[in-house]
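For reference, the chains in residue letters:
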Amino acid sequence: MKVKHLCAVLLLAFTASSALGFTHFTEAEDQLWTNANNWSTFWLPASDETTHIGGMSGVYADVTCIVPAGSSVVSGELRVGYNFNGTLIVEEGATLTTTSHTQFGAGTGGGLGTAVINGNLHAAGWTFSAGGNGPADVTIGPNAVITIDSAMNFGQEYHEGYGYDVTITQNGGTIQVGDWVAGNAFQMRAHGDAEVVYSMSNGAVLSAPSIWQNSGTLEFEGTATLTGGGVRFAGFDGKVPTIKAIGTDPVLTIDGGRFSDGVLLDVSELSVTANQWVTIVAGGYLTDTDLSLAPGTDANIWQLRVNDGDSGDVEVYYSGSIRIMGDVNLSGYVDDDDLSLLLANWNTNNVWEYGNLSDPYGTVGYVDDDDLSLLLANWNAGSLSAAPQAVPEPASALILLLGLPYLARRRMRR
Ligand SMILES: [Ca+2]
Ligand SMILES: [Ca+2]
């Protein structure tokens, strides 16, 4: 009974796909894409310099198929893990061109779309677990050179309430995206409980004019670069994105290229392993809370160190520079100049530059004792990598503090 049932399903799937003009990779002899006997059409041009498979229609890869080293093949739309689980392997030195979208785990059958890519791949677009019913797991190797003409599209937009995990591990290599990296609604996210995890390491580069992350996790280890001009991390729909640093001395370069467009690092959490430095090169704007933050060799390079016992939470706000909690005048360190500015604007509805540290845009908050506490808790911060600084006399701060009730009373009377 079970065998009959399975055959019926297979027949149905074959009939449905044939009607749509899709060629099956059947894996009849081996797993090689360049072996005609592996294809439902039994057709393959003799030369493997440029091989057209599936013509302009498309290919279902619901088993494991390998594009072997030294080969160059072209296909139409490619669906990896559509009816069943499928795996695409592009070996080092191989070139795969898809004239339409490549989809991973984006079929109706719930199949897992897996790929291991260490060669050249050129696709019209990439879709991960979007518009379908399956998860996706893609690993990109150090020799991969990937060009996506339009978008890298994450997540599940058409089946509200469902969610499928998307895991992308980019261990080096370069991905150049023509339009944007995001979900169907311009978010790098998945619905429901699904997680999008994008792990970058070994010098991995992801480049696109627009990279939006609204939930899920971006991990980086060693060095990694997000580039192209419009990197944006911002919460959406009750979810928040996480940037997570792993290993020793991780460096994440967020090179917007066009900073006038604004690089928004509006993440709620930057997760960093204790007792290590993280270097972030960005046009973003970082507000430190419990962490030690120090300028690097130039004003755009800052290092973040999370000490044992400190929280790993960092609030990041939009602007043109990275700022230290308590540094009201943006001088790079926290001292009595900042304290004076804060006190001079006591009890006003104001922005960061006038002392409202707890509410940098001044949307709801006033300059008050919460801000004073934040400043004093970060007294002398920002001087970690500089030459030893004279510690401001506690007495001067104390005198200013003693004068505060008098100042507050005078302002209230006006
Ligand atoms: Ca300052
Ligand atoms: Ca405040």
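Rules and cut-offs
- What you see as residue numbers is a count from 1 along each chain, following the sequence as written.
- The lettering of chains begins at A and the numbering of ligands begins at 1, in the order of writing.
- Per-residue local features are limited, in this predicted model, to residues with pLDDT of at least 70; the limit for side-chain atom pairs, both in listing and counting, is 80 or more; totals at the level of whole chains, interfaces and linings are taken over all residues.
- Only DSSP runs of H or I covering at least 4 residues are called helices, and only runs of E covering at least 2 are called strands; the numbering of each starts at the N terminus.
- A residue is called partly exposed when the number of other C-beta atoms within 10 Å of its own lies between 12 and 20, exposed at 12 or fewer, and buried at 20 or more, with C-beta atoms placed from the backbone.
- The convention used is that axes are lines fitted to C-alpha atoms, helices contributing only their stretch in contact, and that angles between N-to-C directions extend from 0 to 180 degrees.
- Angles below 35 degrees are treated as roughly parallel, those above 145 as roughly antiparallel, those between 65 and 115 as roughly perpendicular, and all remaining angles as oblique.
- Residues are defined as contacting one another if the C-beta atoms placed from their backbone atoms lie within 7 Å.
- Throughout, the ten residues Ala, Val, Leu, Ile, Met, Phe, Trp, Tyr, Cys and Pro are labelled nonpolar, Asp, Glu, Lys and Arg are labelled charged, and all others, Gly among them, are labelled polar.
- Put simply, a nonpolar core is buried Ala, Val, Leu, Ile, Met, Phe, Trp, Tyr and Cys residues tied into one set by C-beta atoms within 7 Å.
- Scored between 0 and 100, pLDDT is the confidence that the predictor attaches to each residue.
- Only when DSSP finds a minimum of two bridges between them are two strands counted as paired.

**Quick look at the overall build of the protein chain**
Secondary structure summary: the protein chain contains 4 helices and 27 strands in total. Relative to its full complement of 414 residues, the protein chain shows a buried share of 41%.

**Considerations on the packing of helix α2 (residues 336-344) against helix α3 (residues 369-377)**
One can describe the packing of α2 onto α3 by two numbers: an axis separation of 11 Å at closest approach and a directional angle of 180 degrees. Relative to α3, the element α2 lies roughly antiparallel. Where α2 approaches α3, its residues D338, L339 and L342 are matched on the opposing element by D371, L372 and L375. Each residue belonging to the contact of α2 with α3 can be placed in one class, and the counts come to 4 nonpolar, no polar and 2 charged.

**Observations concerning the nonpolar core**
Core analysis: the biggest nonpolar cluster contains 61 residues, and A61, V67, V90, V177, V181 and L206 have the highest contact counts within it. One finds Y333, V334, V367 and L372 within the second-largest nonpolar core, a separate group that totals 14 residues.

**Points about the confidence of the model for the protein chain**
Of all residues in the protein chain, 59% have pLDDT values of 70 or greater, and the mean over the chain is 72. Considering only residues more than four positions removed or in separate chains, one finds that residues 256-264, a stretch of pLDDT under 50, has 23 contacts.

**So, the pairing of strand β13 (residues 174-177)**
Within a regular strand, the side chains alternate between the two sheet faces. Only one face of β13 is covered, namely the face carrying I175 and V177; the face carrying T174 and Q176 is uncovered. Pairing of strand β10 (residues 145-148) with β13 involves 4 bridges; the strand directions are parallel. Bridge pairing in β13 places I146 opposite I175. Bridge count between β13 and strand β16 (residues 204-207): 3 bridges; the pairing is parallel. Residue pairing for β16: T174 is matched across the bridge by V205.

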